[in-house]
Every structure is written in C-alpha cells, then in structure tokens.
Amino acid sequence: MNDPIDAVLNIDKPVGHTSMDVVRRVKRLVGQKQVGHGGTLDPQASGLLPVCLGYASRLMEFVLDSSKEYQGTIKLGVSTDTYDAEGEVLANCDSSFVTEESFELVLSKLRGKIQQKPPMFSALKHAGRRLYELARQGVEVDRPDRQVEIFRLDLTEWTPPFVTIHVECGRGVYIRSLAHDIGQLLGCGAHLSALRRLKTGPFHIENAVSIDRFEELFRNGFGDSVLYPPDYLLLHLRAIITSSQEEIRLQNGQEIQLESTTHHAEHLEQCRAYSPDGRLIALVRFDRSLLVWKPFKVFRSRLRSPYAEHGVFTLR
C-alpha cells in the first residue's frame, strides 16, 4: 500500500461541479479517505478550490480564515430567490436609470465592515437542517445579519445590464448576497450571473490546475509537481527549530521551556515547530504567563519540509 499523501492541491473547479464532486474524485484517484476542501464554491461558480490531503486537512481552518478574491458578474433588473442565475425569477425591473456613477456610489457603501444577511439557499443550518433544504420546501426562516468585511470592491466592467466587479473579502462573505444587496440599494434588483474565485490565502488562480490535468499528471507519476507541502498554508507564522529532546516533548503534547531571547513573543502567538531534520511536528502557542510554547496541533510528518527555514525563530 502506498504511503498517504500529505499535501495541498490547488484546483481550478469548473462550472457545473460541486466542491464535494472534486473532493470525491481526488479521493478515488489517490486512494485515501482523508481529503477535504478549503471553502465551498457553488456549482455554477468556477475557480480556485484548495484541496487538502492527509494531515493537511487538519490545517483547513487556516484556508477558511484567510482572505479571498472573486470576479463576479451581476445582472441588474432581475431578482431571483437564490440570488444567482440558478434561481426562480421573483421580479423583473427596468434598470436603465442606473448609471455608472450611481453604481459606484452603492459600492462605496459596501466596503469595509458591513452587516450581511446570508441567503436562504446556503449550507448554513437552522435547527439542525441546512437552509437550502428548507428553502426548497418553500420555508423561509429568519437569518440574523452577520458582520463581514469587504477589503476591496471595484467595478471592472460596465456593460449594463451586466456589470463585473472585483471583490477582496474576509471569511463568511456571500457574493450572491452582495449582488442582491447591490440591486436592493440601486432600487432595481439584481442577481449574480457568474462567479470566479481568483485567490484564497496563499493560492492564486494562475497556479491552479484542472482536475483533469491533475489526474493526468498523477497517473503518469508527476502528481507531486502540482502539490504543495501542508505547511505552505502556514507561512504567515514564524517557525522554530527544536532539539531532539524538545521534539519528543512536543510529540507527547508537552510544552517547551523557553530561553530569555524568546520572551518578547506575543501572548498566544502561534508558530510552526520543526524537528532538527526539518519535519513539521507541531503548531505551538506562546503562553506569556508561564513563558512556554504549548502544542495545540501535533503531526507525524515523514518528510522534510522545504519551508523549515522560512521565517525561523530559533528558541536558543
């Protein structure tokens, strides 16, 4: 039996496939169960979908919490129940009065930290059931507004009734809801007609591969050429290189005592911890009150990481 793959795969998901379709195909291809994705894309959306294999799946929170970039096309004047082109049309309105200037003004109101109501057709749960399940039965429930953050929101193409926007945002933003809100603020209604994810955390669409291309490379023995080490997701954290004794302590879930040179670390600061030979062995968190690094994720890495020396913060 082949060793399990511990890596991250940067897939360009095609329109018409669910994120879980991609995960299931990767599972069948590599022959292992521990595979997950780093952020759902709707079936009608395309673009970047990080797929985590092996122990990299334990690091998906760092993908989910990272910023994301999208290119979205909005159709003005048509409102749907799903806020996208897949839904039932609820209203058709004249949008010819909307100018590029008035559209830009609405965008200015949606930048920064805003309150956003999730769509009914979403995977969020209410009383243990997915909202989209309730929506398909004609049931609508109250969805509390959530604070989300839009870092960048630009108009990139003006060809009404279709307009294209570029969005950079934090976790939890629904671009479908953003399109719907734009239509409501304009007074003509709108829905998201197309969406493509361009960036998630450290991954960019320029470096993504199609699932077909990955399968071709994998079957010909070149799958490693498009795989990223798990700690590629963690390069925003500093690194520490442990001694053999410290490695054993971390592997047993025990803290590491600190030298005075590391006392300036921030309380609860997180770091990557590597063995003397460069294997990722743990994620650790600094406890300022005790002056120790405590492990909160421990790994059994088999291979040296090329990023072991990246941003190293030596304990000694």
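Rules and cut-offs
- Residues numbered from 1 in each chain as written.
- Predicted model: local features only at pLDDT ≥ 70, side-chain atom pairs only at ≥ 80, totals over all residues.
- Heavy atoms only, no water.
- Core = buried A, V, L, I, M, F, W, Y, C linked by side-chain atoms within 4.5 Å.
- Buried < 20%, exposed > 50% of the residue type's maximum accessible area, 1.4 Å probe, protein only.
- Helix = DSSP H or I, 4+ residues; strand = E, 2+ residues; numbered from the N terminus.
- Contact = heavy atoms within 4.5 Å.
- Axes fitted to C-alpha atoms, helices over the stretch in contact; angles between N-to-C directions.
- Parallel < 35°, antiparallel > 145°, perpendicular 65-115°, else oblique.
- Nonpolar A, V, L, I, M, F, W, Y, C, P; charged D, E, K, R; others polar.
- Pairing = 2+ DSSP bridges.

## Considerations on the nonpolar core
Nonpolar side chains tend toward joint burial in soluble globular proteins. The biggest cluster of nonpolar side chains holds 29 residues, and the ones touching the most others in it are Ile74, Leu76, Phe103 and Ile182. If you list the elements that add at least two residues to this core, you get strand E4 (68-76), helix H3 (100-109), strand E10 (146-159), strand E11 (162-169), helix H5 (175-186) and strand E12 (190-200). Broken down by element, this core gets its largest block of residues, five residues, from H5. Beyond its immediate stretch of four places on either side in the chain, Leu76 contacts Ser95, Val98, Phe103, Trp158, Pro161, Val163, Leu186, Cys188, Gly189 and Ala190. Among the nonpolar cores identified, the runner-up in size contains 24 residues, and Leu48, Tyr228, Leu283 and Phe299 belong to it.

## A word on the packing of helix H1 (residues 19-30) against helix H6 (residues 211-219)
Here H1 crosses H6 at 5 degrees, and the two axes come no closer than 11 Å. Judged by the angle between their axes, H1 and H6 are roughly parallel. Packed against H1, whose contacting residues are Val22, Arg25, Val26, Leu29 and Val30, the element H6 presents Ile211, Asp212, Phe214, Glu215, Phe218 and Arg219 at the interface. Considering only residue class, the contact of H1 with H6 consists of seven nonpolar, no polar and four charged.

## Remarks on the sheet that holds strand E17 (residues 270-274)
Strand order across the open sheet formed by five strands is E15-E17-E18-E19-E16, with mixed pairing between neighbours. One side of each edge strand has no neighbouring strand; the edge strands of this open sheet are strand E15 (238-241) and strand E16 (256-257). Direction of pairing for strand E18 (residues 280-287) relative to strand E19 (residues 292-298): antiparallel, over a ladder of six bridges. Among the inter-strand pairings, Asp287 is bridged to a residue of E19, identified as Val292. The strands touched by helix H7 (residues 244-251) within the sheet are E16, E17, E18 and E19, with E18 carrying the most contacts at an inclination of about 80 degrees.

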